[in-house]
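# Report on the structure
Listed below, chain by chain, are the residues.
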Amino acid sequence: MFLNRLVARFRGTNRVGEPTKMESDTIATPEEEKDSHEWDRPLEFIFSLISNSVGLGNVWRFPYLAAKSGGGAFLIPYFILYFLIGAPIYYLELALGQFSSRGPATAFILAKGWQGIGFAMIINSVLCMLYYNVIISWALFYFVSSFRTNLLWKKCGYWWNDNKCFVPGVGSSPYVDKNGITFNCTEPQYQNQTFYACTAIKSTDRSTASEQFFFKLLLGKSESFEDFGTPQAFSAVSLLVAWIIVGLCIFRGVKSSGKVAYFTAIFPYVVLLILIIQSATLTGAGEGIKFYIIPKWDLVAKFETWQAAASQVFFSLGLSFGSLMAYSASNKFKNNFFRQMCIVVSCDCLTGVFAGFAVFATIGFLAAEMKETVPKYAESSGPGLAFITYPEAISHMPASPFFSILFFLMLLALGLGSQFALTDVPITSMTELFPQLRSKRYLAVIVTCTASFLVSLPFTCPGGIYLFELLMEYAANVSMVVVGFFEVYAIAYIYGYNRFMNDVKMMLGKRAAQYYLFLTWCIVAPLLMLIIIITKLVSAESMVNKAGAGFEEYRYPQWSTVLGWLIFVGCIIPIPLVYIVNYVKEYKRLGLEQIKKPIGTENENYLHEGHNYMEKPRFLEAITQNNSPRYDWGPKKRINHYGLYAHLNKSQSKSDLAMNGIRTGHINESFHNESMTHQNDMNNSDSI
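Residues numbered from 1 in each chain as written. Predicted model: local features only at pLDDT ≥ 70, side-chain atom pairs only at ≥ 80, totals over all residues. Heavy atoms only, no water.

## What about the nonpolar core?
- Judged by nonpolar contacts, the single largest core of 184 residues is most densely connected at Tyr90, Tyr91, Trp138, Phe387, Met410, Leu411 and Trp521.
- With 19 residues, the single largest contributor to this core is helix H21 (residues 478-508). (Core = buried A, V, L, I, M, F, W, Y, C linked by side-chain atoms within 4.5 Å. Buried < 20%, exposed > 50% of the residue type's maximum accessible area, 1.4 Å probe, protein only. Helix = DSSP H or I, 4+ residues; strand = E, 2+ residues; numbered from the N terminus.)

What follows is the structure, given as C-alpha cells:
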C-alpha cells in the first residue's frame, strides 16, 4: 500500500489534459491590463538575471573564499554544489514565479502552511539589500575620487594619514625576517645595524596608504564595536546618492531596470577582460595564479570548505532571496525559462572562476611588492579585497586613474544589477499585499528607498563596519540554505514533485529535465543542505577580526554574538510561525464545520462503509488542509485558467471561490480533483 502511494505521488504520468481554452478566456480583464508588468523583450529578462546573479560576490567574495579554502580545493565542492543544489533551485524559483505570476509574498499559497518561506525570503532580501548598497556607496566614493591626476590612496601625506602610513614597493616597506617578526626599518637599514637601530614592532603599527584611505577617510573606523559614534559625512552622502540611483533605475519596474541591464550585464565582462590582461603582465602574477588553481587536497574533506562553497552558490545565484521569483513573475506564461536558466547559470558559474584569475594575479603582484607570501595577502576578507587590495594594485599601474575609473565603474555595474533585483523583492511584495499600490508603484519605490537609507545610516558610523560584518556573517548566509531546504521540501514533498512538473508542462509543453530534477529535488539537494546546515551550526564560533591595517586583533563582544543569532532566527522564524498560525486556523475551521454538521446524518452502518476508513481525526485533517493549496492557487492571469485550473474562471469571484472551497472542505478544487484521481488509481491497484 505504501509503495503504491509513493509511486502515485512521484510517477511521471501526465495528469494535465491538453490545454483547452474558451475564446472568452483569452481576453484579459481591465484589471489585468492595468496591472500588466511584463518584460518588453526576453533578452531584457536574461540580462537582468545575469546582472542579478553576476554581482560583487563574483569579484571579491568568490576569490576570497577560494583563497581561504585552499585555492583549487574550493572549486571542487563549488562545482558539485552548483550542479546538485544551485541549478535545481534556480530552476524551481524561475518556474514558480512564472507559473503563478506572483512574487515570494504570495507564491507559496501552493501550500498554505508554508507561506512563511516567502516571508523568510523577503527578510533575507531586505537585510542583504541594506548592507549590499553600502558596498555600492563605497564603490561610488572611490569612483568619484578616481577623477584625479594622482589617486588619493597612492601616497601618504594627506590630512587623514598618520605616522603609521607607508607606500608598498617604494623603499618604505617594513622588513619582516624569516620568523615573521616585523621591524621599524627597511631591509637595507636592517642589514646595516651600525647606523640604524631597528627594533621589532607589531604588524598593526604600520598600514598602507590604501588601507588608511578606506578605514580612516571613508569609514572613520573606531577601535571597537562599542565605540559606535555618529554617521560620517563622506560615507553618509555616498549612501544617499547610491539609494537615489537605485530608486531612479527601478522607478518604472522592469520597464526601466530591464533597459539598464543591457549595460550592467555586459560592461563588467569587458572590464574584467582588460584587468586580466593588465594583471597578467605584473610581477608576481604567476605566483598568485598558481595559488588559485593548484588545490590543497586536505581541505576538500573539511566541512568548512563545503559550507563556504554552499554559501557562495546561494549568494552568487541569488537563491532564497525571492528576486528570481519577482523577476520571472513578469514573464509571459509560455516563456522558455529553462533555456534562459541554462544560459544564466553557466555565465554566473564561469564568471566567478574568470574573475578569480584577475584577482589572484593582482594578489600575487601585491605579495611580491610587499615581500609577503601569497597566502598571507590572500586572507583579505570581503570588501577589503575590492577596496584595499585592488586600489593598491591599480595605484602601481601605468595610467592608474583610467584603470581606477574602469574598475570602480565595473563594481558599480556589478553591484547595481544585483541591487535592483534585491530592492524589487520588497516592492513587489508590497504591491501584492496591498493591491491599491499596483497603480502607484512609484510610491512603493520612494517609501522603500527612503526607509532603507534611514535604516542603513548606522553603517556609516565609525562602528558601522562591525555591524556590517556582523550582518554579513549572520544574515543572508546560512539562513539562505535553511530557506532553500524548506523551499525544495515544500515543492517536492508537500505540493508534490509530479504535480509541479505538470505545471511546468503547461508552460513549456514538456516536463523539462524531469529525471535530473527528481534526483536533486527529492533526494540529493535536501540531504546535502541538511548536512551543511547542521555542521555549520555545530561548528559556529564567535567572530574575530585579525590584526592589521593599523588595528589590533578584535574579538566581538558576547552581546554582539547574541545579536547575530537573533538576526539569524529572525531570518527563518516566519517558516515555523506561519505554519503554526495557519494550522490553528485550520483546526478551528474544521471544528466549526463539525458543529454545523446536521444531527442524525450518521447511522449504525456508518463505520462499515468503505469510504469512511479514510476518515482522519481533526488534528490530522488540519495538517492535510494546512499542506493543501489555497483556494485561488494557480496561474494568476485568467487567460491561463485551463486544464486543472479551469475552475479559476471569470464567472467566479474571489469570494465565490473561497466559499466554494469552504463548503466542499477542500481549499483548492484542482488539488481535490487530482487527489481523487490518485485515490481511485490506488484503490484500483489494491483491488487487482
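On we go.
## Here's the deal with helix H18 (residues 400-433)
- Along its 34 residues, H18 runs 49 Å from first to last C-alpha, staying within 8% of the 50 Å computed at 1.5 Å per residue.
- Largest kink in H18: about 25 degrees, centred on aspartate 424, with the proline proline 426 one to four residues after it.
- For H18, the tally of buried residues reaches 29 of 34 residues, placing the bulk of the element in the interior. (Expected span 1.5 Å × (residues − 1). Bend = angle between axes of the 7 residues up to and from the residue.)

## Here we look at unusual backbone geometry
- Despite not being glycine, serine 320 has its phi angle at roughly 65 degrees, a positive value.
- Examined against the element boundaries, serine 320 turns out to sit in the loop between helix H13 (303-317) and helix H14 (323-328).
- Of note in the backbone geometry, alanine 513 takes a positive phi value of approximately 55 degrees without being a glycine.
- Relative to the helices and strands, alanine 513 resides in the loop between H21 and helix H22 (514-538).
- Overall, alanine 513 belongs to the partly exposed group, its relative accessible area being 27%.

## Some points on the packing of H21 against helix H23 (residues 558-572)
- Here H21 crosses H23 at 25 degrees, and the two axes come no closer than 9 Å. Our classification of the angle between H21 and H23 gives roughly parallel. Crossing of H21 over H23 shows right-handed handedness. Two secondary-structure elements touch here, H21 through Val478, Ser479, Val482 and Val483 and H23 through Phe568, Cys571 and Ile572.
- By residue class, the composition of the contact of H21 with H23 is 6 nonpolar, 1 polar and no charged. (Axes fitted to C-alpha atoms, helices over the stretch in contact; angles between N-to-C directions. Parallel < 35°, antiparallel > 145°, perpendicular 65-115°, else oblique. Left-handed = near helix turned anticlockwise from the far one by under 90°. Contact = heavy atoms within 4.5 Å. Nonpolar A, V, L, I, M, F, W, Y, C, P; charged D, E, K, R; others polar.)

## Points about helix H24 (residues 574-596)
- With 23 residues, H24 extends 33 Å between its outermost C-alpha atoms, agreeing within 8% with the 33 Å of an ideal straight helix rising 1.5 Å per residue.
- For H24, the set of buried residues is Pro574, Ile575, Val578, Tyr579, Asn582, Glu586, Arg589, Leu590 and Gly591.
- Looking at the packing, one finds that the buried side of H24 touches helix H7 (116-145), H21, H23 and helix H25 (618-626).

## Let's talk about the pattern of salt bridges
- By the definition in use, this model includes 7 salt bridges.
- Glutamate 586 serves as the salt-bridge partner of lysine 112, at 3.9 Å between the closest nitrogen and oxygen. Of this pair, lysine 112 sits in the loop between helix H6 (104-107) and H7 while glutamate 586 is found in helix H24, placing the two residues 474 residues apart along the sequence.
- We classify lysine 112 as buried; its relative accessible area is 6%.
- With a shortest N-O distance of 3.9 Å, lysine 290 and glutamate 287 are connected by a salt bridge. (Salt bridge = Lys/Arg side-chain N within 4 Å of Asp/Glu carboxyl O.)

On their own, these measurements won't tell you what the molecule is for.
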